[in-house]
Every structure is written in structure tokens, then in C-alpha cells.
Amino acid sequence: MLSCDICGETVSSESDMKAHLLIVHMENEVVCPFCKLSGVNYDEMCFHIETAHFEHNTLERNFERINTIQYGTSDRKKDDTLQCRIEVNSSIHSACASNHMKNSAQSLPKDSNLKHEAFYAENLTESRKFLKSKEEQSGLTERKGSIYETVYSLPECPFCGKIEDCSQDMETHVKTKHANLLDNPLEDCDQPLYDCPMCGLICTNYHILQEHVDLHLEENAFQQGMDGVQCSSGLELAHQLQQEEDRKRKSEESRQEREEFRKLQRQYGLDNSGGYKQQQLRNMEIEVNRGRMHPSEFHRRKVDMMESLAVGIDDGKTKTSGIMEALHRYYQNAATDVRHVWLSTMVDHFHSSLGDKGWGCGYRNFQMLLSSLLQNDAYDDCLKGMSIPCIPKIQSMIEDAWKEGFDPQGASQLNNRLQGTKAWIGACEVYTLLTSLRIKCRIVDFHKSTGPLGTHPRLFEWILNYYSSEREGSPKVVCTTKPPIYLQHQGHSRTVVGIEERKNRTLWLLIFDPGCPSGEMQKLLKQDIEASSLKQLRKSMGNLKHKQYQIVAIEGALSPEEKIARRQASRVFTAEKIP
């Protein structure tokens, strides 16, 4: 058994002791022979020498290059080169071992110096023997990549090719022998020099300069080509994005147009959701479900409605009669602020029901006009045997007028169909229906405001002239033979039954509104009418501020020939415009 003199560890053999000394004690004492680095193991020190002192550590190709430069490439020179490599390798290993031993001896106790020196000497000898046996077996040139192939080439002068022993000597040689080349390497050159016109590089040969410039040109051409490709790709991408944006915009516009069209269809009753009958039944069912109508009342009203639709005559449940007589009495006995009032002939008020609420004002106003005409003997020949029709019957009558050839443009706009729909009607449809019944009438269009703050004083003046031909000397209350006037504006229509002239010369229209329920209208039938009850009838200029108003004024009866002429004229519908 062997015992370590440094740490006292016991091992079984001499080889184990050598390994113990190398691993435990010697690796921590390795010192770089060039820069005195210490504190690393053997493998780390080898890596340090190969990287930090590369001028002392090149591979076999440096020996081959030295051999070629100094001795040529003959077999004899190769043997000399091999011998040179072995000597250089041996000298470097000897230097390393000497430094290791020296440093180890300084750091270890005196009683162990001898053993460490013997260890280094023995390991160095064994390393040399191992290296030499390896070189003899494989000729050294066939082994590349092993640590034992690592050789250390001598530095060579890049200007004259001289080889020195170390890098410091080579640096001194270059600074002393070739200082002029370092200061101005091209100053002493006799051959002409060529400057690159693109980057300023100095070339000693024209052909080299030409190749160099060609590389510049190729690079520029390639860059331009890439820029062109990128530009083309960018334009194509922008075009695609623009097309996609246009497609989305058109799709959104188309969707909005469809939605607006559907809204208009719903607003004007052209959405195929049923007509008067369906709405009446649906609303009565809602009233029953809410407890506002008894089921027996529902069935009774349903039967009455079906009978009315079957005969085509209005059931009269929305009619209020006698209002014009009540107004005549009121103005005779009261209304002290009124100077003159002109009233139309007798008119019955009709209001909207559950079946036409929200869309039936035009039909109800026609019923008011017709109720006045039926009480006027001047129109007996035109309306002989006629009663107030129900709303589905009025729709059928307008369709018949279209079939006769009246107002083909209006018929086309409403798809030549009104029955079974909630389609609105306006001044043109009322004119068409009256003309088909041989009632002489005309449309006057007050297409823009004629007064301050959006008022229409010309409208009031026209209606005043319609009812009164001579105002001076007339009584306070004048019951004329003039029928009422159909008044249309955006979204609604009403019936004008008279006009007031106040003592302050202001004009007020008397209007029947189909949106006013019969309960409110019946308040006017009382003996003592209060002025507040007429508030719903009286409309001043400040109350009529819609952008446009159209009126249908009745002027008498038509002959059959005049009816034909008006039918022909209605193919291109025109209206009198004021102003």
C-alpha cells in the first residue's frame, strides 16, 4: 500500500498514486508557460493555450507550409519536416513541464518537491514516448483532430517570408525592416494604381478593378430588381386592398339600401304583412289578451267587420256627424275675437280604427270628402246610389281607376295593388279616384315655404280665396257650398273644413284630423262649446311648418268627355305649383 505525502490518502498501486497526484493535486497547480495563468485544470489550460496563444499552436498544415516554403516537397524534405515537428513539439512540452514543475515546487512544501519533480519528469517522458510511438505507427500526417497532432508553427513575415522564433521577434522584424510599408504600403509601388469610382478602393491591376466594379454593378442591378419586385408587389397589394375595400363598401351600401327599402315598405304598408282585415283581427286579439275587450265583444265586432267587408260599405263606427252645425252655432253666438269665418258644406268626421291605425289617414280623408259630396245635390249624377265605402273597397276602387288608365306611374310605384296591403295613399291617389268618379278637382303643390320661419302664408291665402269670393260686406259666419279640401304633407293628411279671419287680420284653418278619436270630436256637439274644445280644429300659420303641402280642391263635376281628357293627361302627372 502507498500513502500520499501531501494528503495522506492510501492507494493500492503506483499507477493509482500517479493518477491521484495528477487529479487531486497537480491539476490545481497548472500554470500557463506564456502568461502564468493558474488555477485551472489541464484540459482548460490546453484550451487557453490554443486560443490565447494561437501563434504557438497551429495544426499540421503550418508545418507543411513551412516545409514547402523552406525545403520544397520532396520525400527527404518531408522527413526533415517530421523531425522538425517532433523537436518543436518536444521543446514546447518540455517548456510546459519545466514551468509546471517550477511553480509546483514553489507552492508545495519542501518535503514534497522531490516527489512532484519526479512526477512531472516521469509524465513528460511517458508523454514523449506516447507521442513518438503514435507518430511512428501512423506517420503523423494521417492523424488530424487529436491533441497529439497539435503543432506550433513559427511566425512568418507577410512581406519577405522570413520566419522568426516567436511573435515578438516577428513584430520587431516587421517594424524595423518594413516600417515604410506600414506607414504607406502603396507609396513605393512602381505599378499604376486604380481607384474604384464607386467606393474609393485602390487596386493595383486594371482587371481587378474591372471585376470589382462589375460586382458593384451586379449588386446595384440586383437591388434595383428587388426594389422593382417590391414596388410591383406593393402596387399589386395596394390594388387588391383597394378592390377589397370597394367590395366591402358596395356590399355595405347595398345592405343599407335593402334595409332602407324594407323600412320604407313597412312604413308605407308594402311589406306583405296583411291589410285592413288582418290588422283589425290582430289588434282585437291583443285587446282581448290585455283584458280590455270581452271575448263576446271580439266575436261581435268580427262578425260586423266581415259583413262590412262583404258589402263594401263602412260600418260607421268611426263616424261623427253634426260637427259643422255645431260650429255654425258657436260662431254665431260666441267667438268674439273672430271677424269672419267661412265653413264648407256638411262634413262627417271619420277617424282611424284598429284596422287602419298608422296608415289609413288618406282613406279616412277620402271618406270625409265623399260624405260632403253625397250631401251636395250638385254631385248626385256622379255619385248616384253610392254609400261611404270601407277601406278595402276604396282600395279596390283605386285599382279599378288604374285599370282604366289613370296615373300609370303611381300604379307602377305601388305594384298595381292595394288590396290586402297597408299601403299609404296621397294626393295623387285621391285625385285619381275622384276623377274616375267624374269629380272635377285639381292638385296644387305648395312646394316650399313662402313666409318667415318656414310658414306658408300663400297656402292660407289660397284657401281663403277658395271659400270666399267677396269678403267685404259678408256676414260673420258664411256657410259656403264648397266641399272640404284634402290637405297632404309628409307622413300625414287632413281635411280643411273652413277658415277664420281674426280681428287682427290673422288667418286660422279649421281642420278635421282622422287621428283625433270620436270621443274628442263629440265634445264639439255640446250646446255650449268651450273655446278650448276648438283647439284641436284651429291651426295657425305657426302650426303648419312642413316643408311641402299639397291640396286636392274639388271644383264641380266632369262630363264623360272631360273625364277621358283628364285620364289621358294623367299619364304624365302634373300639378300646379305655388309659388
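Procedures and definitions
- Residues numbered from 1 in each chain as written.
- Predicted model: local features only at pLDDT ≥ 70, side-chain atom pairs only at ≥ 80, totals over all residues.
- Heavy atoms only, no water.
- Helix = DSSP H or I, 4+ residues; strand = E, 2+ residues; numbered from the N terminus.
- Buried < 20%, exposed > 50% of the residue type's maximum accessible area, 1.4 Å probe, protein only.
- Contact = heavy atoms within 4.5 Å.
- Arc of directions from axis to C-beta.
- 1 Å grid on protein atoms, 1.4 Å probe; cavity = no way out; pocket = protein on both sides within 12 Å on 5 of 7 lines; lining within 4 Å.
- Points joined across faces, edges and corners; volume = space filled by probe spheres on them.
- Nonpolar A, V, L, I, M, F, W, Y, C, P; charged D, E, K, R; others polar.
- UniProt positions renumbered as here; feature names shortened; annotations may be inferred.
- Pairing = 2+ DSSP bridges.
- Salt bridge = Lys/Arg side-chain N within 4 Å of Asp/Glu carboxyl O.

A.B. asks: How do you make sense of the overall build of the protein chain when you look at a structure like this?
C.D. replies: Within the protein chain, the regular secondary structure consists of 18 helices and 15 strands. For the protein chain, the residues scored as buried account for 40% of the 579 residues in total. Considering only contacts within the protein chain whose residues lie at least 6 apart along the sequence, 64% involve residues at least 24 apart.

A.B. asks: Help me understand helix α6 (residues 167-177) in this model?
C.D. replies: Given 3.6 residues per helical turn, the α-helix brings residues three or four places apart onto the same face. Looking only at α6, the buried set comprises Met-170, His-173 and Val-174. The buried residues of α6 occupy an angular sector of 95° when the element is viewed end-on, so they sit on one face. Opposite the packed face of α6, turned more than 90 degrees from it, sit the exposed residues Lys-175 and Thr-176.

A.B. asks: Looking at this structure, I do not really get the layout of surface pockets. What am I missing?
C.D. replies: Over the atoms a probe the size of a water molecule is rolled, and this reveals where empty space is left. By volume, the largest pocket is sized at about 910 Å³. If you trace the largest pocket, you find 32 residues lining it, with Tyr-268, Gln-413, Ile-425, Gly-426 and Glu-429 closest to the centre. Elements with a minimum of two residues in the lining of the largest pocket: α8 (206-267), α12 (361-374), α14 (408-413), α15 (427-436), β10 (485-489), β11 (492-502) and β14 (549-557). Its residues assigned to classes, the lining of the largest pocket shows 13 nonpolar, 16 polar and three charged.

A.B. asks: Just to check I follow, could you spell out empty space enclosed by the protein for this structure?
C.D. replies: Summed over the entire model, instances satisfying the criterion amount to one cavity of 30 Å³ or more. Its boundaries defined by the atoms lining it, the largest cavity holds a volume of some 60 Å³. Around the largest cavity, the lining residues are Tyr-276, Met-305, Ser-308, Leu-309, Asp-314, Asp-315, Arg-364, Cys-390 and Ile-391. Here the lining of the largest cavity takes three residues from helix α10 (residues 295-311), the largest share from any one element.

A.B. asks: Mind showing me how you'd approach unusual backbone geometry here?
C.D. replies: Among all residues except glycine, the phi angle is most often negative; among peptide bonds, the trans geometry is most common. The linkage connecting Ile-578 with the following residue, Pro-579, adopts the cis geometry, with an omega of -5°. For Asp-407, which is not a glycine, the phi torsion comes out positive at approximately 45°. You can see Asp-407 is positioned in the loop between α13 (391-404) and α14. Judged by relative accessible area, which is 4%, Asp-407 ranks as buried.

A.B. asks: When you look at the UniProt feature "domain: C2H2-type" (unreviewed entry) in the protein chain in this model, what are you seeing that I'm missing?
C.D. replies: Using the residue numbers shown here, the UniProt feature "domain: C2H2-type" (unreviewed entry) corresponds to residues 2-30 and 194-221. Split by type, residues 194-221 is 57% helix and 14% strand. Its first and last C-alpha atoms lie 23 Å apart.

A.B. asks: Would you explain the pairing of strand β12 (residues 507-512) in this entry?
C.D. replies: Along a regular strand, successive side chains alternate from one face of the sheet to the other. Burial analysis of β12 places five of its six residues in the buried class, the great majority of the element. Relative to β12, β11 is paired through six bridges, and the arrangement is antiparallel. What sits directly across from Glu-500, in β12, is Trp-508. Taking the residues between adjacent antiparallel strands as the criterion, β11 and β12 are bridged by four residues, where Arg-505 takes a positive phi near 75°. Here two bridges tie β12 to strand β13 (residues 538-539), and the two strands are oriented antiparallel to one another. When the bridges of β13 are listed, Leu-509 appears paired with Lys-539.

A.B. asks: Just to check I follow, could you spell out the pattern of salt bridges for this structure?
C.D. replies: The full count for this structure, using the stated rule, is 22 salt bridges. The shortest N-O distance in the salt bridge between Arg-247 and Glu-244 comes to 2.6 Å. Of this pair, Arg-247 and Glu-244 both sit in helix α8, separated by three residues, roughly a single helical turn. You can call Arg-247 partly exposed: its relative accessible area is 48%. A relative accessible area of 33% means that Glu-244 is categorised as partly exposed. Close ionic contact of Glu-297 with Arg-301 constitutes a salt bridge, the shortest N to O distance being 3.0 Å. Of the two residues, Glu-297 and Arg-301 are both situated in helix α10; the distance of four residues between them amounts to about one turn of the helix. A relative accessible area of 33% places Arg-301 in the partly exposed class. Salt bridges linked by common partners bring Glu-297, Arg-300, Arg-301, Asp-304 and Lys-317 together as one network.

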